[in-house]
Structure formats: structure tokens, C-alpha cells
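Coordinate inspection notes
For reference, the chains in residue letters:
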Amino acid sequence: MEKGARHRNNTEKNYPGGSESQEADSGGGGVALKKEIGLVSACAIIVGNIIGSGIFVSPKGVLENAGSVGLALIIWIVTGVITAVGALCYAELGVTIPKSGGDYSYVKDIFGGLAGFLRLWIAVLVIYPTNQAVIALTFSNYVLQPLFPTCFPPESGLRLLAPLFGLIIIMFWGVLNFSTRDLGLPGSDMCLSEQPPVRVSTGQYFWLEPKNAFDNFQEPDIGLIALAFLQGSFAYGGWNFLNYVTEELVDPYKNLPRAIFISIPLVTFVYVFANVAYITAMSPQELLASNAVAVTFGEKLLGVMAWIMPISVALSTFGGVNGSLFTSSRLFFAGAREGHLPSVLAMIHVKRCTPIPALLFTCISTLLMLVTSDIYTLINYVGFINYLFYGVTVAGQIVLRWKKPDINRPIKVSLLFPIIYLLFWAFLLVFSLWSEPVVCGIGLAIMVTGVPVYFLGIYWQHKPRCFNKFIELLTLVSQKMCVVVYPKEAEDLKMKDRNQNMEQQQPICQPPASKDKDAVGP
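Residue positions within a chain follow its written sequence, with the count starting from 1. Reporting of local features is limited, given that this is a predicted model, to residues whose pLDDT is at least 70; pairs of side-chain atoms are given and counted only at 80 or more, and all residues count toward the totals for whole chains, interfaces and linings. Only hydrogens and water are removed before side-chain values are computed, so all heavy atoms of the structure are retained for them.

This is how the line gets drawn: UniProt positions are given in the numbering used here, feature names are shortened, and annotations may be inferred rather than shown by experiment.
The protein chain appears in an unreviewed UniProt entry as Solute carrier family 7 member 8 from Capra hircus. The UniProt entry for the protein chain carries the following text under Subcellular location (unreviewed entry): "Cell membrane".

Looking at the overall build of the protein chain
As a reminder, the rule being used: Under the DSSP-based scheme used, a helix requires at least four consecutive residues in state H or I and a strand at least two consecutive residues in state E, with every element numbered from the N terminus. Each residue gets one of three labels from its accessible area relative to the maximum for its type: buried under 20%, exposed over 50%, partly exposed in between, using a 1.4 Å probe on protein chains only. Note on contacts: a residue pair is in contact if any heavy atoms of the two residues lie within 4.5 Å. Residue-level accessible areas treat just the shown protein chains as cover; the underlying method is Shrake-Rupley with a 1.4 Å probe.
Counting its secondary structure elements, the protein chain contains 21 helices and two strands. When the 522 residues of the protein chain are sorted by exposure, 58% land in the buried category. Considering only residue pairs separated by 6 or more positions, the protein chain has 82% of its internal contacts joining residues 24 or more positions apart. For the protein chain, the accessible area works out to roughly 21,300 Å², and carbon and sulfur atoms hold 66% of it.

Some words on the nonpolar core
Operational definition: Working definition of a nonpolar core: buried Ala, Val, Leu, Ile, Met, Phe, Trp, Tyr and Cys residues. They are joined through side-chain atoms within 4.5 Å.
If you look at the biggest cluster of nonpolar residues, it comprises 132 residues, and the most contacted ones within it are Leu-242, Tyr-271 and Tyr-387. Ranked by the residues each element gives to this core, the list is headed by helix H6 (residues 113–144), at 15 residues.

Comments concerning the environment of Asp-221
Here Asp-221 shows up in the loop between helix H9 (210–213) and helix H10 (222–235). According to the relative accessible area criterion, Asp-221 is partly exposed, its value standing at 28%. With 155 residues separating them in the primary sequence, Asp-221 and Ala-66 have C-alpha atoms 8.3 Å apart.

A look at the pattern of salt bridges
How we decide: In what follows, salt bridge is the name for a side-chain nitrogen of Lys or Arg lying within 4 Å of a carboxyl oxygen of Asp or Glu.
The final tally for this structure, using the stated rule, is four salt bridges. For Glu-92, the salt bridge identified is with Arg-401, shortest N-O distance 2.8 Å. Placement of Glu-92 in helix H4 (residues 69–96) and of Arg-401 in helix H16 (residues 375–403) is noted, with a sequence separation of 309 residues between them. In this structure Arg-401 comes out as buried when scored by relative accessible area, which is 14%. With a closest N to O distance of 3.5 Å, Glu-92 and Arg-409 form a salt bridge. In this pair, Glu-92 sits in helix H4 while Arg-409 sits in the loop between H16 and helix H17 (416–435), placing the two residues 317 residues apart along the sequence. Neither residue differs from the other here; Glu-92 and Arg-409 are each classed as buried.

Observations regarding the packing of helix H3 (residues 54–66) against H16
Basically, it comes down to this: To obtain each axis, a line is fitted to C-alpha atoms, and for helices this fit is confined to the stretch in contact; angles are then taken between N-to-C directions over 0 to 180 degrees. For classification purposes, an angle smaller than 35 degrees is called roughly parallel, one larger than 145 roughly antiparallel, one from 65 to 115 roughly perpendicular, and anything else oblique. Classification used: nonpolar for Ala, Val, Leu, Ile, Met, Phe, Trp, Tyr, Cys and Pro, charged for Asp, Glu, Lys and Arg, polar for all others including Gly.
Two numbers describe how H3 lies on H16: the axes approach to 11 Å, and their chain directions differ by 85°. Put simply, H3 runs roughly perpendicular to H16. Contacts from Val-57, Ser-58, Lys-60 and Gly-61 of H3 reach H16 at Ile-375, Tyr-376 and Ile-379. Grouping the amino acids of the contact of H3 with H16 by side-chain chemistry returns four nonpolar, two polar and one charged.

Side note on helix H15 (residues 356–369)
In an α-helix, one turn spans 3.6 residues, which is why side chains three or four residues apart end up on the same side. Short version of the rule: A helix is expected to reach a length of 1.5 Å times the quantity of its residues less one.
Given a rise of 1.5 Å per residue, 14 residues ought to cover 20 Å, and the 20 Å separating the end C-alpha atoms of H15 matches this to within 8%. Where H15 is concerned, the buried positions are Ile-356, Pro-357, Ala-358, Leu-359, Thr-362, Cys-363, Ser-365, Thr-366 and Met-369.

Regarding the packing of aromatic side chains
Convention followed: Only centres within 6.5 Å qualify two rings of Phe, Tyr or Trp (six-membered ring in Trp) as a pair; their planes then separate them into stacked at under 30 degrees, edge-to-face at over 60, and tilted for everything else.
For the structure shown, the criterion picks out 23 aromatic pairs. Arranged with centres 5.2 Å apart and planes meeting at 85°, the rings of Phe-229 and Phe-424 form a pair that is edge-to-face. Of the two residues, Phe-229 sits in helix H10 while Phe-424 sits in helix H17, which places them 195 residues apart along the sequence. The same class applies to Phe-229 and to Phe-424, which are both buried.

Remarks on a nonpolar patch on the surface
Convention followed: Candidates for patches are residues over 30% relative accessible area with no salt bridge; among them, like charges are joined within 9 Å and nonpolar side chains (Val, Leu, Ile, Met, Phe, Trp, Tyr) within 5 Å.
A surface patch of nonpolar side chains, amounting to about 580 Å² of accessible area, comprises Val-304, Met-305, Trp-307, Ile-308, Ile-311 and Leu-315. Tracing the backbone shows Ile-308 in helix H14 (residues 308–337). Relative accessible area serves as the criterion here: at 31%, Ile-308 is assigned to the partly exposed category.

Some words on the packing of H4 against helix H11 (residues 252–281)
At their nearest, the axes of H4 and H11 sit 10 Å apart, and the two run at 170° to each other. Between H4 and H11, the interaxial angle falls into the category roughly antiparallel. Residues Val-69, Leu-73, Trp-76, Ile-77, Gly-80, Thr-83, Ala-84, Ala-87, Leu-88, Ala-91, Gly-94 and Val-95 of H4 touch H11, and the partners they reach there are Pro-252, Tyr-253, Leu-256, Ile-260, Phe-261, Ile-264, Thr-268, Tyr-271, Val-272, Asn-275, Val-276 and Ile-279. Residues belonging to the contact of H4 with H11 are distributed by class as follows: 19 nonpolar, five polar and no charged.

This is the structure:
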């Protein structure tokens, strides 16, 4: 597939002055990814990815499904604890299998090529496009809500503004981002500083009193509680994104767990007290009646300065897209390096080091997700699929402990952590599927479509020559149009492994008896 592509080892020769951000640890001759993410930037990536649009849309979904203020606050706290447990499990996997690509790389190495490809498939087609769609819809809601103070913004306005914002913001950040690894820090600081202050002194204590906090305004239902956790989990989404850039992390054995210990408790604190601030400023009925809770909060407490809230939320969406695009490009890179994606999706611009083809693909897939303007349906949709593979990845940690007990583990957590996480995972998936069978079923159906794609596109090696020629020509044309090349790091690895069939490599946990099971047939 990559045979006809122009993989350049000397970019300076053809693009003078374009090597400013292209020097690599491996020699400095081509375009490559740098190992320059320190502890501060690592914390910024986690915090900046988590605190985006979620805290401005999820409070309504959590409260609506929880049925009471007290239970909603408990859900926010428990979700933060579970997120920290999952992050610690990922920290062990991140230093045991120190490869960029996050859970995709872990699932592939532990369970084999098909499982890894399905994780990549669902991330490329569902998770990242849906996240961008939710951010775009959040922006649209918060921009339009002040113009319609007594009702919801019109559906037509949301459908028009969200795609326009999606296109502009993705391409805007694509131009400015990826030439530095520190862009996440300003975004995260901005998100933290704009969180609503806990104005208990000017708010209402009524809904914080235990007898009122647990006063249910709807009948408790275990399925709805699971959906409440799913909504809250969406707001914490991004906690695993640092694992996507492990190869670029300075001293990952120390900085990866440190970043987790600093970032996750900080985010949990911010989220819980942001929800306390919402409840002290408005009643649960007012919160549920608003599609833009931060705008309502601002109108209650900020008076004539209420316009600050929609502007702050709009700026926050920029930070969310920044972190999402930063990590998604690394996933494209890892997938193409393993032969699971066309190499052009991992290529980066010769001067800006921007993954132009990946950005274009993300734009198109995000627009497809915007066929619906229901944010909470999208959140349930992406949350279910996300948690499905989170559980598979954490289960892989237990499998790896059993099959490879002597493998080097610079970080080793207690097995109690993955067991706790998997119990919560099973509860969440089972009852979410029971409550929203159609939404969750669509996600599962899309995942299953990856199976024939894997066998036809990857497992089947002896494709017709005309097909290979077409792919080579398409790759070459895409390179010329986007002015992109394959990173030197990937080129070196591909040259090293060119004579080895990537799909014939056995998973870490595969027993010797099935050594030839996955061998490629004629």
C-alpha cells in the first residue's frame, strides 16, 4: 500500500527552512515526532482533554437520569474515582507496552490483530467524530441560547451552526496545533479558570441539605442510573489520552503516574464543585429546563456580565478540540504503522508537522455525525462504545499478568484495581444496553462491520495487482495535494519490519499450541 508513496528521509533538501520542528531523536534527517512532553505538559494534556465541553452539557444528563441532586453528586464523585482506577490500570499498560496508540496498541498486542483493528475501527468511525460533533453542538447551543432566552434554540439554527463550527475549528486548530506539544496547557488553564465559582453565600442551600438532596423527582431506576454514569463518564472522557503519546513522553515511568495522580483528583474536584455551584444558583427544575446550564448559571449570578459564560464555553470548546486532535493523530499514526490504516492518514505536513489527511477525514466523519442535533443521544452512543473497549483493555491487563508474569513492569498496580473497574464496567454496559438498546445496538453494529473489512483489507495479503496500483496512485496523489510525508520514525520501523508480516506476529497472550492459527493463507 505504501510502496509508491514518497517517504522522504531528507526533507530539508526539497523544503529548505522547513525543518524547524522536524529534528528527531533518531538523527534529525526527516520529519519525525519528538520526545518532549514533560510532566507539566502531560498534566495539561489530561486536564485539557477532560475539561472541555462535557461539564457544560453532562450535568443535565446526569441529574435527569439520577432523579435527585444527592445521587447526581454521588455519581460525579464515583465516576471520578473509577476514572482514577482506570487511569492507574492504563499507566501499568503504558509502561509495560511503551507504544503510542493507547488502548489500540495494548489490545492488539495482547489479543491479536483483529481485536486491535476493531478498537481502531470504532475509534476512527465513531468515537472521535462523535466527540467532535458533541463539541460542535455544545458551541452552537451556547452561542444561540442567549438569543432565545425564553425557549430552546431552533433546530435549524443548531443544524446550520454546528457543521460550520466543526469545519472552522478543526481546520483552525489543524493549522496552529501539532507544531508544539505545549498547546494543551493554556487550554486547560483556561478551562479551569472559567469554571463557575462556588457562590454558596449567594446561592441556595436548600438542595444541599440531605433531606432535600435525596428527594427524588422521579422513580429510581437502575437502568437510568447506569445512563447517568454514562453521561458523567463522557465528561471525564480523555483521561486515557496521555497513553496515546507514550513514545513522546519524557521519562514515562515517572511522569505517567505522576500526571495521573495530579490531574484526575484535580478534575474530580472541579467537576463536583462546579455541580454544587449550579445547584446553589438554580433549582433542579431550572437546570433540567436549560440546554445551556452555564448560561442559566450566569444569568442567575452574573447579571449584566452573563455574556461571559457563553464566550467562555465557546473558548473551552477550542481547548477540547485541540486535545482531541492532538491524540487522534497519534492513533492514526499508530494504526498506519501497524498496517491497519492507509499510510496517508498518518502522514504529516512537511513544514507544520500537521496531519492534514487525518484532519480532513475527521472533518468528513464529524459532519456525518451531525445528522442528529440531540447531544445526549450522541453521548450515550459514544459513551457505551468507549466503555466497551476500556473494559477490554483493562481485562487485557489481567490476561497479561497471567500469561506473562515475568515481563518487565516498571509500574505494577494491585489486581484489585482492574477487578473493581471491570465490575463497574459490566454494570454500566449491561444496564445501558437494557435502557437504550437501539442507541447502543447501533454502536455494536458499526463495530461488527469492521470484521469483514479486517479480513478483506488486512488479513488477505495477495490482492489483485490493479488494486494495489490504485492504492499506490491514490496515496501519491494525496501526498502531492496535502504536501505530506510519512514521519521518519515510522519509516525506520517500516523498513525494519518490511520482510515480516505484521499479522503473522502472535499476540502476547497466545499459547504456543496455536502458533500458526493466524497465519495468512494463500
